[in-house]
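Chain residues, written in single-letter form:
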Amino acid sequence: MAEIDKSLPNQTRTEIEVPSEEIDVKEKTVEQAPVEVTPEEDGGVTLNFEPGAINIPGTESHFDNLADILPDDVLAPIGGDMVQNYMDYKASRKDWEQSYTQGLDLLGFKYENRTEPFQGASGATHPVLAEAVTQFQAQAYKELLPSGGPVRTQIIGVKNSQTELQAQRVKDYMNYLIMDQMKEYEEEFDSMLFHLPLAGSTFKKVYYDVPMGRVVSKFIPADELVVPYTATSIDDAEAVIHVVKISENELKKQQVNGFYSDIDLTPPGTVEQNSVEKKERELDGTKKVGKQETMYTLLECHVNLDLEGFEEVGADGQPTGIKLPYIVTVEEGSRAVLSIRRNFAPNDLKKNKIQYFVHFKFLPGLGFYGFGLIHMIGGLSRTATSALRQLLDAGTLSNLPAGFKQRGVRVRDEASPIQPGEFKDVDAPGGNLRDAFFPLPYKEPSPTLLQLMGVVVSAGQRFAAIADMQVGDGNQQAAVGTTIALLERGSRVMSAIHKRCYAAMKDEFKLLSKVVSQYLPPEYPYDVVGGARNIKQSDFDDRIDVIPVADPNIFSMSQRITLAQTQLQLATSNPQIHNLYQVYRNMYEAIGVKNVDAVLPPPAPNAPIDPSMEHINALAGKPFQAFPGQDHRAHITAHLNFMSTNIVRNNPAVMASIQKNILEHISLMAQEQVQLEFREQLQQMIMMQQQAALNPQIQAQLQALTNQVEARKSVLIAEMTQEFMQEEKKITSQFDSDPLLKLKAREVDLRAMENERKRDSDVAQQDIARSRLMQQGDIADEKMEQNEKLAKLRAGVSLAKTGVQQAKVQIEE
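Position numbers for residues start from 1 in each chain and track the written sequence from start to end. With the structure being a predicted model, the display of local features is reserved for residues of pLDDT at least 70 and the display and counting of side-chain atom pairs for 80 or more, all residues being used for whole-chain, interface and lining totals. Working from all heavy atoms in the structure, the side-chain values ignore hydrogens and water.

## So, the overall build of the protein chain
Phase 1 of the analysis: Regarding its fold elements, the protein chain presents 21 helices and 20 strands.
Phase 2 of the analysis: The rule is simple: take the accessible area with a 1.4 Å probe, protein chains only, and divide by the maximum for that residue type; under 20% is buried, over 50% is exposed, in between is partly exposed. For the protein chain, with 813 residues in total, the buried portion stands at 35%.
Phase 3 of the analysis: For the protein chain, contacts bridging at least 24 residues in sequence account for 68% of all contacts bridging at least 6.
Phase 4 of the analysis: Using a 1.4 Å probe, accessible areas were evaluated by the Shrake-Rupley method; residue-level cover was limited to the displayed protein chains. By element, 53% of the accessible surface of the protein chain is carried by carbon and sulfur atoms, the whole surface being about 50000 Å². Each helix is a run of H or I in the DSSP string that is no shorter than four residues. Each strand is a run of E no shorter than two, and both are numbered from the N terminus. Here, two residues are considered to be in contact whenever any of their heavy atoms come within 4.5 Å of each other.

## Some thoughts on the pairing of strand β20 (residues 544-548)
Phase 1 of the analysis: In terms of burial, β20 is largely enclosed, as 5 of its 5 residues are buried.
Phase 2 of the analysis: Across 5 bridges, strand β5 (residues 151-155) lies against β20 in antiparallel orientation. Looking at the pairing, I155 lines up with I544 of β20. Strands were regarded as paired on the criterion that DSSP finds at least two bridges between them.

## What to know about the sheet that holds strand β13 (residues 357-361)
Phase 1 of the analysis: Judged by pairing direction, the sheet is antiparallel, and its 3 strands sit side by side in the order β7-β6-β13 without closing on themselves. Each edge of the open sheet carries a strand with a single partner, namely β7 (214-221) and β13. Ignoring which end each strand starts from, the neighbouring axes of this sheet average 25° apart.
Phase 2 of the analysis: Sheet analysis places strand β6 (residues 201-209) next to β7, joined by 8 bridges and oriented antiparallel. Considered in β7, the bridge of F203 is made with I220.
Phase 3 of the analysis: Orientation is described by axes fitted as lines to C-alpha atoms, over the contacting stretch for helices, and by angles from 0 to 180 degrees between their N-to-C directions. Lying on the sheet, helix α5 (residues 185-199) is in contact with β6, β7 and β13; it crosses β6 at an angle near 155°.

## Some thoughts on the environment of V516
Phase 1 of the analysis: Here V516 shows up in helix α11 (residues 492-519).
Phase 2 of the analysis: Spatially, the C-alpha atom of V516 lies 8.2 Å from that of R214, the residues being 302 residues apart in sequence.
Phase 3 of the analysis: Other than its neighbours up to four places away in sequence, V516 contacts Y173, L177, V215 and F540.

## Re a negative patch on the surface
Phase 1 of the analysis: Patches were defined on residues exceeding 30% relative accessible area and lacking a salt bridge, with like-charge contacts within 9 Å and nonpolar side-chain contacts (Val, Leu, Ile, Met, Phe, Trp, Tyr) within 5 Å. Note on definitions: salt bridges are taken to be side-chain nitrogens of Lys or Arg within 4 Å of carboxyl oxygens of Asp or Glu. Residues scored as positive are Lys and Arg, those scored as negative are Asp and Glu, and His as well as the terminal groups of each chain are ignored. Where a charge lies is defined by one atom per residue type, namely NZ (Lys), CZ (Arg), CG (Asp) and CD (Glu). On the surface, D235, D236, E238 and D507 cluster together into a negatively charged patch.
Phase 2 of the analysis: Counting through the fold element by element, D236 comes out in the loop between β8 (225-226) and β9 (240-247).

## Points about the environment of L324
Phase 1 of the analysis: Note that L324 resides in strand β11 (residues 324-331).
Phase 2 of the analysis: In this structure, the C-alpha to C-alpha distance between L324 and F344, residues 20 residues apart in sequence, is 8.3 Å.
Phase 3 of the analysis: If sequence neighbours within four positions are ignored, L324 has contacts with V303, N304, L305, F310, E312, F344 and K351.

## Details of the confidence of the model for the protein chain
Phase 1 of the analysis: On average, residues of the protein chain score 79 in pLDDT, and 79% of them are at 70 or above.
Phase 2 of the analysis: In predicted models, pLDDT denotes the confidence assigned by the predictor to each residue on a 0 to 100 scale. Segment residues 1-33 is flagged for pLDDT under 50; beyond a separation of four residues in sequence, or across chains, it makes 23 contacts in the model.
Phase 3 of the analysis: Low pLDDT, under 50, characterises residues 467-476; the stretch is placed with 12 contacts to residues that sit more than four places away or in other chains.

## Here we look at the environment of E312
Phase 1 of the analysis: In this structure, E312 sits in the loop between β10 (295-305) and β11.
Phase 2 of the analysis: Along the chain, E312 and K323 lie 11 residues apart, while their C-alpha atoms are 7.4 Å from each other.

## What about helix α4 (residues 161-181)?
Phase 1 of the analysis: Taking 1.5 Å as the rise per residue, α4 with 21 residues should run 30 Å; its terminal C-alpha atoms sit 29 Å apart, in good agreement.
Phase 2 of the analysis: Buried residues of α4: T163, Q166, A167, V170, Y173, M174, N175, Y176, L177 and I178, and no others.
Phase 3 of the analysis: Near the N-terminus of α4, the side chain that reaches the backbone nitrogen of Q162, with its oxygen 3.1 Å away, is that of N160. Helices are assigned an expected span. That span is 1.5 Å times one less than the residue count. Each polar contact in these results corresponds to two N or O atoms within 3.5 Å; when the atoms are within protein, one needs to be able to donate a hydrogen and the other to accept it, and residues that are neighboring in sequence are counted only if both atoms are side-chain atoms.

## Some remarks on helix α16 (residues 632-643)
Phase 1 of the analysis: Along its 12 residues, α16 runs 16 Å from first to last C-alpha, staying within 8% of the 16 Å computed at 1.5 Å per residue.
Phase 2 of the analysis: Along α16, the residues classified as buried are H632, H635, I636, H639, L640, F642 and M643. Buried residues of α16, viewed axially, fall in a sector of 165°; they line one side. In this context, the arc is that of the directions from the helix axis out to the C-beta atoms.

## Re the sheet that holds β11
Phase 1 of the analysis: The 5 strands lie next to each other as β8-β9-β10-β11-β12, forming an open sheet whose pairing is antiparallel. Of all strands in the sheet, those with a lone pairing partner are β8 and β12 (336-342), marking the two edges.
Phase 2 of the analysis: Pairing geometry for β10 and β11, over 8 bridges, is antiparallel. The residue of β11 that forms the bridge with H302 is I327.
Phase 3 of the analysis: Across the sheet, helix α1 (residues 72-92) lies against β8, β9, β10, β11 and β12, angled at about 100° from β10, the strand it touches most.
Phase 4 of the analysis: The strands that helix α6 (residues 248-256) touches are β9, β10 and β12; relative to β9, the one it contacts most, it runs at about 110°.

## Quick notes on the packing of aromatic side chains
Phase 1 of the analysis: Pairs were defined over the aromatic rings of Phe, Tyr and Trp, the Trp ring being its six-membered one, requiring ring centres within 6.5 Å. Orientation was assigned from the angle between planes: stacked under 30 degrees, edge-to-face over 60, tilted for the rest. Here the structure, examined in full by the defined rule, presents 14 aromatic pairs.
Phase 2 of the analysis: For the ring pair W96 and Y369, a centre distance of 4.8 Å and an interplane angle of 20° mean the geometry is stacked. A residue pair is termed long-range when its members are at least 10 positions apart, and W96 in helix α2 (residues 94-104) and Y369 in the loop between β13 and α8 (373-399) qualify at 273 residues. One exposure class covers both W96 and Y369, and it is buried.
Phase 3 of the analysis: Judged by centre distance (6.5 Å) and plane angle (75°), the ring pair of Y173 and F540 falls under edge-to-face. Of this pair, Y173 sits in helix α4 while F540 sits in the loop between β19 (531-536) and β20, placing them 367 residues apart in sequence.
Phase 4 of the analysis: Looking at Y173, the relative accessible area reads 7%, which means it is buried.

In structure tokens form, the structure reads like this:
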């Protein structure tokens, strides 16, 4: 047998048999896989021993377009499946689209020329829905996107100077990026807040735009994003299809840049708008004229696929059959696949889907899409519109009556209406002219119908939380509990909607910061008004959380002012236990004052002062305190001498403030003495505190040592207090023998007791007044509810009476 050179790959094995009788050479060739030979320009050739292989390691980047290397027999079924899935998902939400489209008519943006029940009948639409939508949009836009920027940061974990500087850098850059660089953000956010209360769901798509060279947060209406009918949230949806309209020129640019596969597509046709788009264009007052615009419709499908050639492989090296996340872009008309890209991070072993979309919900729905005002108060809006049109038609008919005239009576120019002050000629055969005409018995607009429309409108406004909240109107001394209760009762719905928007914006900012951290250079300087800033890529780590600047518990300026006013009312009732400066600062910030420090200067920081300045502050009623490191005995001596003066002895308030300061000096003096005596023990306590959490024995030793130190401190304070009392008696003993001074002191004591009694009486009267106000508020609430019930009962009785009268008329006829 001939030898085979094993160093040559894929060599054909040849066996030669040599019989003994005759030389007969027979070759047997073993079949092998075909070899693909590619000629090169230099005259050589490239041999591909696995021409059918697709996924060759090291030949492509992670996020490359796999559609460029996949064969047509693999791409064609994928394109067909994506388009078919899109059509199925879209058909499953047909009822949602229909209800949303019909509800857009309730906005009243387009006046309807009606011919029923008569030519020129009223086509007005009651603005209860439009009012609710615009009120929400204006209120949410101001709260969620303030002029200073919508982003703030909070530190996760230990707070120190380094993390505080890092949080400030992230906050400044994110606000600079959104408010200055992302020019489209404000306009699209404003538009999104108008669509949200109508459709109940809107979306944001966060991604890095290569042509712009920056991150983008794009608003996507609900009708342009399609999900399976079984989906309950954007995170667990098996497929998310974003419908993208793109011009032929723009698509060509993307193909030349390599973002989409450069394949020939059929010429684009005229853009076919869905029912929602048609209705929106109709209400917008725009329509296509002249040359029709030709656009491609791309379906960007975020799906899970078990892609041939790129299967998930297990530990044994065999395909597991698990579907992986991909982004497949298909042209709807030709069903051609333009791109297939992996939708998971290269270093992600779990291969989790990268999320691009954020779902904003107005009210939670029963399925994937949320409920909007069209779904919730659409019926009330239709009822109010119907009642309004009936009232207007009744007024029109009663002002311009019609009827019958006797045959033979002729009126000149009877087709033209009679103008005020005009008399027309009438040819009457004879008799009384009044008997020749019979006007129809049109009634004036019904007060009952008007009242019923008011009930319906108020119900819709109450649900949409757009009715004016009468919180404390006409009674600025209303009890705090009553004010808070009225505020909470009138803001439940809006508060919940505001929290949902806050949570969605928080998810959006997390996606934004994640994309920024991936594409930002290691260090990026940028300029802002008034200076230069700097941001680092490493700043966007887990230590800093990017959240909205809005308060999730406060959704309007009126609510913020009411809470600040209530806080001010509580603080002024007992200023001794409140920080009045911070209370007033909160009030100024609530009403929107820009430079609060210019209006309300911040208090000076506490610093050690000499005894004479402490006496001046005591006479002026200003607070002062003792500080460690002062000469405590000198301060105490100065205070004792000052207490012997007539001005202090006759002023209990000044006397109390000085004695309070003396006790502070005694406490600090004892504490400093203990620190000198127990220096080694205190150092041992600091070391033991670090280990006490894990060792119960050390905790017991630490507690015993602490008790010992505190006991010694108490002994020193008792001794020093006794010395203070002795010194005070020595200084004041010379005044005890003077009867005039005794009478004066007695008079001062009696006056103090009288002031205390008056103060207690005033407090009791204030408590009684607050209780009465709270009872009056509860009674007012009960009366309001009773009036609403009585109004509904009256409306029902009136409607019943009207029905009975109409039935009697029909019976008589």
